Structures are given as structure tokens and as C-alpha cells.
Amino acid sequence: MNPPMIAVQNLSVSFKGPHGPVSAVRDLSFAVEPGETFGIVGESGSGKSTVLRAIAGLVAASGGHIRMAGEALGLRRTKAQRSAMQMVFQDPYASLHPRHTVDRALQEPLAIHAIAEPERLITTAMADVDLDPALRFRYPHQLSGGQRQRVAIARALILSPKLLLLDEPTSALDVSVQAEVLNLFQTIRSTRALTSLLVSHDLAVVAHLCERVAVMQRGTLVEVLTAEALRRGEARHPYTHTLLAASRGYRRVGSPHEGMPLAPS
Amino acid sequence: MTSLPTQNRVDGLLALPPTQNPLSSSQARWNHAAVLTRKLGRSPLTILGLAVVVILVLMALLAPAMTGGVSPIAQDLSGRLQPPGAAHWFGTDELGRDIFARTVYGARATLAIVALVGVIVVPVGLLVGTLAGYTGGFLDAVLMRITDIFLAFPSLVLALAFAAALGPGIVNAVIAIALTAWPPYARLARAETASIAHTDFIAAVVLMGASKWRILLRHIVPLCMSSVIIRLTLDMAGIILTAAGLGFLGLGAQPPTPEWGAMVATGRSVVLDQWWVSTIPGLAIFVVSLAFNILGDGLRDIFDPKSA
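Definitions and cut-offs
- Residues numbered from 1 in each chain as written.
- Chains lettered and ligands numbered in written order.
- Predicted model: local features only at pLDDT ≥ 70, side-chain atom pairs only at ≥ 80, totals over all residues.
- UniProt positions renumbered as here; feature names shortened; annotations may be inferred.
- Helix = DSSP H or I, 4+ residues; strand = E, 2+ residues; numbered from the N terminus.
- Rg over C-alpha atoms; globule rule 2.2 N^0.38 Å.
- Buried ≥ 20, exposed ≤ 12 C-beta atoms within 10 Å, placed from the backbone.
- Contact = placed C-beta atoms within 7 Å.
- Pairing = 2+ DSSP bridges.
- Axes fitted to C-alpha atoms, helices over the stretch in contact; angles between N-to-C directions.
- Right-handed = clockwise from strand over helix to strand, strands pointing away.
- Nonpolar A, V, L, I, M, F, W, Y, C, P; charged D, E, K, R; others polar.
- pLDDT = per-residue confidence, 0-100.

Chain B appears in an unreviewed UniProt entry as ABC transporter permease from Lichenifustis flavocetrariae. Per its UniProt entry, chain B bears the Sequence similarities (unreviewed entry) comment "Belongs to the binding-protein-dependent transport system permease family." Within the UniProt record for chain B, the comment given under Subcellular location (unreviewed entry) is "Cell membrane".

Focus: the overall build of chain A
Along its length, chain A carries 9 helices and 10 strands. Taken over C-alpha atoms, the radius of gyration comes to 19 Å for chain A, in line with the 18 Å a tight globule of 265 residues would show. Across the 265 residues that make up chain A, the buried fraction comes to 43%.

Observations concerning the overall build of chain B
On a plain count of helices and strands, chain B comes out with 11 helices and 0 strands. Reading chain B from its N terminus to its C terminus gives the helix and strand order α-α-α-α-α-α-α-α-α-α-α. Summarising its shape, the C-alpha atoms of chain B cover approximately 75 × 55 × 25 Å along the three principal directions. The buried share of chain B, reckoned over its 308 residues, is 38%. A sequence separation of at least 24 residues applies to 66% of the contacts in chain B between residues at least 6 apart.

Examining the UniProt feature "domain: ABC transmembrane type-1" (unreviewed entry) in chain B
Mapped onto the present numbering, the UniProt feature "domain: ABC transmembrane type-1" (unreviewed entry) falls at residues 107-296 of chain B. As annotated, residues 107-296 of chain B has a helix share of 84% and a strand share of 0%, and its two end C-alpha atoms lie 19 Å apart.

So, the UniProt feature "transmembrane region" (unreviewed entry) in chain B
Residues and elements named next belong to chain B. With numbering aligned to this structure, UniProt lists the feature "transmembrane region" (unreviewed entry) at residues 45-66, 111-137, 149-182, 194-211, 232-255 and 275-296. As a span, residues 149-182 carries 82% helix and 0% strand, and end to end its C-alpha atoms are 12 Å apart. Annotation note: span residues 194-211, helix share 72%, strand share 0%, distance between end C-alpha atoms 18 Å.

Comments concerning the sheet that holds strand β5 (residues 71-72) of chain A
Each strand in a sheet pairs with its neighbour through backbone hydrogen bonds, running either in the same direction (parallel) or in the opposite one (antiparallel). Residue and element names in this part refer to chain A. Across the sheet, 4 strands lie side by side as β2-β1-β4-β5; this open sheet has antiparallel pairing. Whereas interior strands pair on both sides, the edge strands pair on one side only; in this sheet they are β2 (20-32) and β5. By the bridge criterion, 5 bridges tie strand β1 (residues 6-17) to strand β4 (residues 63-68) in an arrangement that is antiparallel. Bridge pairing in β4 places Ile6 opposite Met68. Along the sheet, helix α1 (residues 48-56) makes contact with β1, β2 and β4, crossing β1 at roughly 110 degrees.

Focus on unusual backbone geometry
Note that the residue after Pro255(B), namely Pro256(B), is joined by a cis bond; omega there is 5 degrees. When you line up the elements, Pro256(B) lands in the loop between α9 (212-248) and α10 (260-267). A positive phi angle, near 50 degrees, is found at Ala114(A), a position not held by glycine. Mapped onto the secondary structure, Ala114(A) falls in the loop between α3 (102-112) and α4 (118-128).

So, the pairing of strand β8 (residues 195-200) of chain A
All names here are of chain A. Summarising burial for β8: 6 of the 6 residues are buried, a large majority. In β8, alternate side chains face the same way, and those of Thr195, Leu197 and Val199 on one face and Ser196, Leu198 and Ser200 on the other are all buried. As defined by bridge partners, strand β3 (residues 37-41) adjoins β8 across 5 bridges and the pair is classed as parallel. Bridge pairing in β8 places Gly39 opposite Leu198. In terms of strand pairing, strand β7 (residues 163-167) meets β8 through 5 bridges, oriented parallel. If you follow Leu163 over to β8, its bridge partner there is Thr195. Taking the sense of rotation as the criterion, the β-α-β connection linking β7, helix α6 (residues 175-191) and β8 turns out right-handed.

A word on the interface of chain B and chain A
Each partner contributes residues to the interface: chain B has 24 residues there, and chain A has 28 residues. Elements with a contribution of two residues or more to the side of chain B that touches chain A: α1 (25-41), α8 (200-208) and α9 of chain B. In terms of residues, the side of chain B that touches chain A owes the most to one element, α8(B), which gives 8 residues. Considering only residue class, the side of chain B that touches chain A consists of 14 nonpolar, 9 polar and 1 charged.

A short note on the confidence of the model for chain A
Counting all residues, the mean pLDDT for chain A is 85, and 93% of those residues have values of 70 or more. In the predicted structure, residues 257-265 of chain A sits below a pLDDT of 50 and forms 11 contacts with residues beyond four places in sequence or in another chain.

Things to note about the pairing of strand β10 (residues 220-226) of chain A
Side-chain positions along a regular strand alternate between the two faces of the sheet. All names here are of chain A. In the sheet, strand β9 (residues 212-217) pairs with β10 via 6 bridges, with the strands oriented antiparallel. By the bridge assignment for β10, Gln217 is matched with Thr220. The turn joining β9 and β10, which pair antiparallel and follow one another in sequence, is formed by 2 residues; a positive phi near 45 degrees is taken by Arg218.

Considering the sheet that holds β10(A)
All names here are of chain A. Taken together, 6 strands build an open sheet; the order of strands is β6-β7-β8-β3-β9-β10 and the sheet is mixed. Looking at which strands have only one partner, the edges of the open sheet turn out to be β6 (85-88) and β10. Pairs of neighbouring strands in the sheet enclose a mean axial angle of 20 degrees, with direction left out of account. As judged from the 4 bridges shared by β3 and β9, these two strands associate in the parallel manner. The residue of β9 that forms the bridge with Phe38 is Arg212.

Below, the structure is given as C-alpha cells:
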């Protein structure tokens, strides 16, 4: 059997705090098969983004192993290891260099890896994410949030990675743009042999895009369930039930409408 | 949304709307420059400062033409200490040299010092600062302590030491000023870098597999440039004054080379009766320093992305 695309074993990450180390992720293990879209959900501060950053090699793991297709990954990585894994960040306003045009942002990864034919690749990359070619020489401040996120996605895909890390890629966008970007991910997933790891606090987004979902709470993995089970509400762990309940809407405890979504007043 | 390339001609630069879709990288840069130029156009004081600096550069370049061939070092002991008049616009000094010619030629010394200090200070400060800020840890601590040590040197005293060890001269004066002028730039660049280093757009370049030097030179340094240039322009007044001070003490340009600080010093003995000998070069120092200050202030507003 082939090794999983990404395997995390007993991963721990801790940060330096004023009163000694603060552990953000504790003893986490999961594996993502090639071609799968795997989701990680949890509330703010549950360590889900830290897991992604540890896999990406942006933060050091304090314990455990990360393996990509059987190959152990540390903090220092080769160019090939880097290009096999790309990331889309949460805030499209912070993930693009403010002084680089779209063209320059897409040029940079090709220049780093000395890839030939940048002209053709940039045109295709922009077309792949439905970006108007007329925007090619604009600066980020001349683009909308959705357009910026498309540039960030194009930049991540231009190196043809095997694994795409998505850190809440839609949470900074407004609802209509969110839907567009989610549909874009669906299309990308169906047209490329791509394994994705999606971190979100939005259960609807995760259930929409992922086949399997891991639920995290306070730095530990609570349970892993299929998206199907999540949609049917078949969670085993009480925390997952709390998350599910929270995603259905707010309700007032003891009110006559308990159990009903709060109607807008 | 779409635009015709003919609309972006240089003659229409000031009328160019910034949100048109540029058709190439160079056009995108032109549009950006046009936005900055428009901002400059709204600040008359900055234009004044810029104009004085441009005049300074022209004076240095075209000194022989501007003085009509009058030599700044030709002595005329029979016509010494002449008051300003038609023959000598700014009068003559104690050796009968034309002060107008000496003031115009003095721009060369001033400009040389300013340019040399800038050329030394900016790269050194940027390199030390960005490297310390981006690398962090031990290297950061070592580089910043070295910076602190240089920051503790008083530039005039260091210049005196240099003059004693290597002999007085304009090059030694520049080295002495540059050695004590770079630490604030390193600190500025380090602070900017520290705030840039952990942004997502730098993380994205790390994930692309870029080397540390590529990230520093192509992604971080350009973002530090504008604040460093502003700081340099604001510091220019201080650098010119220090250079003039060194000249006054006889540690800068050596006679007979015309240098404003040294010219003030030679007029010291006659300042009560022949005021123009010291006043004219003093005014030149004052005007140029003020112009650099105004320009620096204006540039800060122009480069500030928050101002419209």
C-alpha cells in the first residue's frame, strides 16, 4: 500500500510564553490519503492553524513526526519539498506583498524554481482561478478581497503542488465571494490530482468540501469523522455535538423557542 | 475597466487615473510614480525643498559655467575683503578670493559628503538591520550590540581621532560621519523588518522555497526603503552640519578647496567688520539643511500609504 500523502504522528507544538512554554498542539496524529480533502475544525485557539503551520514548516514541532508520502519533514526543507506543498492563507490582505503586482507575485515562485515559460504559466494560472487577465499588472491595493484571494490561490497552484494547505481561506471574505471561492476550490479539486488540508471554524464549509473531518479542542484531536456523518449529526464526542449545535444558530436557554434558530428581530 | 495604452502617455501623466489597468510591469510602475508625483504636486513646500536640492546638484555640476570662469582659489591680495558688489557679488575673502565662486564650488564638497555618507550608510544600515530583524536570536543580539557600540561614538570626537591617525581630509571626514551615522538606520530597518517578517506574504515566499537572501533583498528591503530614504533626507541636515563643523575645525576639506564650514571658519576673525565672509557660506549651509529637512518631511507624507 502507498504511504499516505501526509501523515502526522504524535505532533506537539509549544510556544514560549511569559510563564514557560505554552503548548498549542498536543500529541496529534492523523493521516490524509492521496486525493483526499481533509478538514480540521475547532474553535478559535484550538490549535488548528498551528497544525497547518507545523506541516508547512513555518513553526517548529516540539515533538512527533510529519511525513509526506513517507518522507520525514523537518523545519529545513529542500526546494522540491517546498514546492510539493503550498498554502493559501486566511487574510488575502496580508498574504500578498503590497509592492508586487499580480504578475510579480506569480513570477516569483517560477523564478525561485527556475521554471521555464513563465509567460504561458502565468496566463494559465490566472485563467484557472477565473482572474481577468486585465488585472495582471495591478497592485494588491487595487484588487478586491475576492480577487486577492484568487491571486493567492493562483500563486499556490502555479508550482503544481501535490498538497494544498488551506488556512480558513474564505473566512475573511464576504458571503457571496465566499461561495465563489468555495466553488473555485471544488473545480480545482475535480480537475487536478490534489490532496487538500482545509482548516476552518465553519462546519458548513468543511462539510461541503471535505471527505473526512478532524475535530480539535484545546490542542488535541477529539475525533475524526466522515463529512457524511457530520452532516447527519452522528458525532460521538460531546464537544462535536456542541460545535454542531453552535453552527445551527444561537438559541436562548429556557426560552419558549429553545431549539429553534433565533429569528432576526 | 479596460484602458487604451495611448491614454497612458507621459504628457498625460498628471491626469492619469491610478486605477486603470496597466498593460505591463513598467506601466504599473509609471502609474505608481504618477500617483506619487500628484501627491508631490499638492505640497508646495516639498517642491521648494526639492528645488533647492536640485539647484545644489546643478551648482555642483555646472560650477565653472555659473561662476563665469572665475576661479574659486585665485588669490588677489590687492582686492581682499571687498564688500558685495557688481565685481564680486558676494564680496571677497581675506585672500581676495571671490566668495560667490567659492560658495558655488563649495556645493561640490557638500554634495560629495552627502552622497558618500548616503552611499555608505544606507546599505550598511539596511543590511545589518534587516539581517538582525529577520534572523533573530543570537545573530540579532550580536549585530544589535555592535550597533549600540557604534551609536555610542560621538562623531566629532571620532573625526578628531581619525584626523589625528590618518590626517585631515574630506574622505576621512566622510568615513568618520558614516561610521557614526549608520546605527539609527540599522535600528529603523530592524524594527520594520520585525513587523514584516511574520506576515503571511513573507511566509508565502518561505513556502515557495526562496532562500534567506532572496527574501531579505527582494521582499523585505524594498519595504524598508521608503522609511530609510525619508530618514536619510531628514538626517542630511545633520550630516551637512557635522561636515561643516569638521570643516570649521579644519578636519574636513583642506585649503584651498572651497568648503562652506571652512569658509565660515576663515571669516571668524573678521566677522564684525566684514560680515559677508562668514555669513554667505553660513547662509548656504542653513538653506541647504533646511531644504533637506522640508524635503524629508514632504517625502514622509508622500510615501505614507495612508495619505490619499
